[in-house]
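Residue-level structure breakdown
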Amino acid sequence: MRTIRIHPEPQSLAADVSLAAEFLRKGEVIAFPTETVYGLGAKLSDAQALKKIYEIKGRPSDNPLIVHIAELEWIYDLAVDIPKDFFTLQQLFWPGPLTFVLKRNPKVDGTVSAGLPTIAVRMPCHPIALKLLELLQEPIAAPSANLSGRPSPTTAAHVFEDLQGKIPLLIDGGSCEVGIESTVLSLVQEEPLLLRPGSISKEALEKALGKEIAVATRHAVPISPGMKYRHYAPNAKVILFQSEKDFLAHLAGAPKRRMVLARRFAEEHHVLSAKELFAHFRRADAENYDEICILCDAEVQNDLALMNRLQLASK
Ligand code: TXA
Ligand code: MG
């Protein structure tokens, strides 16, 4: 299969994106940009198309997908017993990189949720994603557009690398603003539970709700199966350092093909940031580095979302 790559222009967005909407209507799977990472989308109402997503990514069938919507009203077809906290938070953070896990409306086929009684929903704020949803007038289910186990794609080139020839169309929207996946917050328990930290921080959510939010541990696997899979894994060994002294000592040791990532550092390094992290991982793989050495200063250690991705990659 040939993968068509389109570059929509802001002045002709609807016309440029219409081909992508057409593919989705026909039950095809396509890749599109969001503000976090690229998504691999299919229309929610087509269970066969959803199954294709799992096949194309090589994604385990028990790992549920996130549903993307363009209008708040769409939530009522997707979820039931929606708590007040949802409305408080969506008002502040939607459209944007915040995903809610809610009770699934039994009208929605369980394929998207891998059979769970819940459903994950977010309203992205990328203009291309929103235009696509608006044209389709239906939710789009989409995981990140990488092969399972590869870093999430933050440029169209990353998607192409993983999925060329496997999908009919890729919308190129340049590089993703946020660079790491959305914050996932479950609202199906008594109290909110943070399943995946992201750029919308735990503190921001707590401030908005006026209460503390618990962070899920690996024990939450039955709640969020995605937590049990090894994610964001470059081939190179990822080594995290908390002290600059240890970092320097390691770098002075045996010469290796290595990438050095730090926020600020006296020696030669790439700048560590959430936006560029996955791009660095992919580059390290492409260039066959043996290791990626990362200095996690106090600022980095306080960044729950970035530390989460670094720790998953270093396992
Ligand atoms: O930023 C993002 O969220 C991107 C863009 C494309 O929107 N999507 C994304 O999807 O990162 P994915 O599939 O790579 O990650 C979805 C995560 C997984 O960890 C999955 O287990 C969890 O969300 N998830 C999805 N549905 C769930 C549900 N019903 N209950 C609990 N966790 C769920
Ligand atoms: Mg993913």
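Before reading further, recall that the structure is shown in the block above.
Residues numbered from 1 in each chain as written. Chains lettered and ligands numbered in written order. Predicted model: local features only at pLDDT ≥ 70, side-chain atom pairs only at ≥ 80, totals over all residues. Heavy atoms only, no water.

Bringing the pattern of salt bridges into the picture now. Across all of its chains, the model carries 20 salt bridges by this definition. Measuring nitrogen to oxygen at the nearest pair gives 2.7 Å for the salt bridge that ties Arg122 to Glu35. In this pair, Arg122 sits in strand E7 (residues 118-122) while Glu35 sits in the loop between strand E2 (30-32) and strand E3 (39-43), placing the two residues 87 residues apart along the sequence. Each of the two residues, Arg122 as well as Glu35, counts as buried. (Salt bridge = Lys/Arg side-chain N within 4 Å of Asp/Glu carboxyl O. Helix = DSSP H or I, 4+ residues; strand = E, 2+ residues; numbered from the N terminus. Buried < 20%, exposed > 50% of the residue type's maximum accessible area, 1.4 Å probe, protein only.)

Running from amino to carboxyl end, helix H1 (residues 13-25) crosses helix H5 (residues 127-136) at an angle of 60°, the nearest separation of the two axes being 9 Å. On the basis of the axis angle, H1 is oblique to H5. Relative to H5, the crossing made by H1 is right-handed. Note on element contacts: H5 touches H1 through Pro127, Ile128, Lys131, Leu132, Leu135 and Leu136, opposite Leu13, Ala14, Val17, Ser18, Ala20, Ala21, Leu24 and Arg25. Taken together, the residues of the contact of H1 with H5 break down into 11 nonpolar, one polar and two charged. (Axes fitted to C-alpha atoms, helices over the stretch in contact; angles between N-to-C directions. Parallel < 35°, antiparallel > 145°, perpendicular 65-115°, else oblique. Left-handed = near helix turned anticlockwise from the far one by under 90°. Contact = heavy atoms within 4.5 Å. Nonpolar A, V, L, I, M, F, W, Y, C, P; charged D, E, K, R; others polar.)

Before going further, it helps to spend a moment on the site of ligand 1. As a matter of local geometry, ligand 1 sits amid 26 residues, with Thr36, Arg59, Asn63, His68 and Ser182 nearest to it. The side chain of Thr118 places a nitrogen or oxygen atom 3.0 Å from a nitrogen atom of ligand 1. Here ligand 1 has 680 Å² of accessible area as a free molecule, and 96% of this is covered by the chains. If you list the elements that add at least two residues to the shell around ligand 1, you get strand E4 (66-68), E7 and strand E11 (193-196). No other element matches E7, which puts four residues into the shell around ligand 1. Each residue belonging to the shell around ligand 1 can be placed in one class, and the counts come to 13 nonpolar, nine polar and four charged. (Near = heavy atom within 4 Å. Polar contact = N/O pair within 3.5 Å; in protein donor to acceptor, adjacent residues only side chain to side chain. Areas by Shrake-Rupley, 256 points an atom, 1.4 Å probe, with all protein chains shown as cover.)

Tracing the backbone through its elements, the reader meets Ser182 in the loop between strand E9 (169-171) and strand E10 (183-186). Owing to a relative accessible area of 2%, Ser182 belongs among the buried residues under this scheme. In this structure the side chain of Ser182 is engaged in a polar contact, spanning 2.8 Å, whose partner is the side chain of Thr99. Excluding residues that lie within four positions of it along the chain, Ser182 makes contacts with Thr36, Ile66, Pro97, Leu98, Thr99, Arg122, Arg196, Gly198 and Arg309.

It is worth spelling out the nonpolar core at this point. Counting residues in hydrophobic clusters, the biggest one holds 65 residues, and the most contacted among them are Leu132 and Ile171. Residue contributions to this core peak at six residues, all from H1. Setting aside residues up to four positions removed in sequence, Leu132 forms contacts with Val17, Ala20, Ala21, Leu24, Ile30, Phe32, Ile140 and Ile171. (Core = buried A, V, L, I, M, F, W, Y, C linked by side-chain atoms within 4.5 Å.)

This part takes up the packing of helix H9 (residues 274-286) against helix H11 (residues 304-314). Look at H9 against H11: their axes get within 10 Å of each other, and the N-to-C directions meet at 15°. Here H11 runs roughly parallel to H9, going by the angle between their axes. Remark: the crossing between H9 and H11 carries left-handed chirality. Of the residues in H11, those touching H9 at Ala274, Leu277, Phe278 and Phe281 are Leu306, Arg309, Leu310 and Ala313. Partitioning the contact of H9 with H11 into residue classes produces seven nonpolar, no polar and one charged.

Cis geometry marks the peptide bond from Trp94 to Pro95; its omega dihedral reads -10°. Here Pro95 shows up in the loop between helix H4 (84-93) and strand E6 (98-104). Although it is not a glycine, Asp81 adopts a positive phi angle of roughly 50°. Tracing the backbone through its elements, the reader meets Asp81 in the loop between strand E5 (79-80) and H4. The class of Asp81 is exposed, set by a relative accessible area of 57%. Its identity as a non-glycine residue notwithstanding, Ala114 has a phi of 50°, on the positive side. Structurally, the position occupied by Ala114 is in the loop between E6 and E7.

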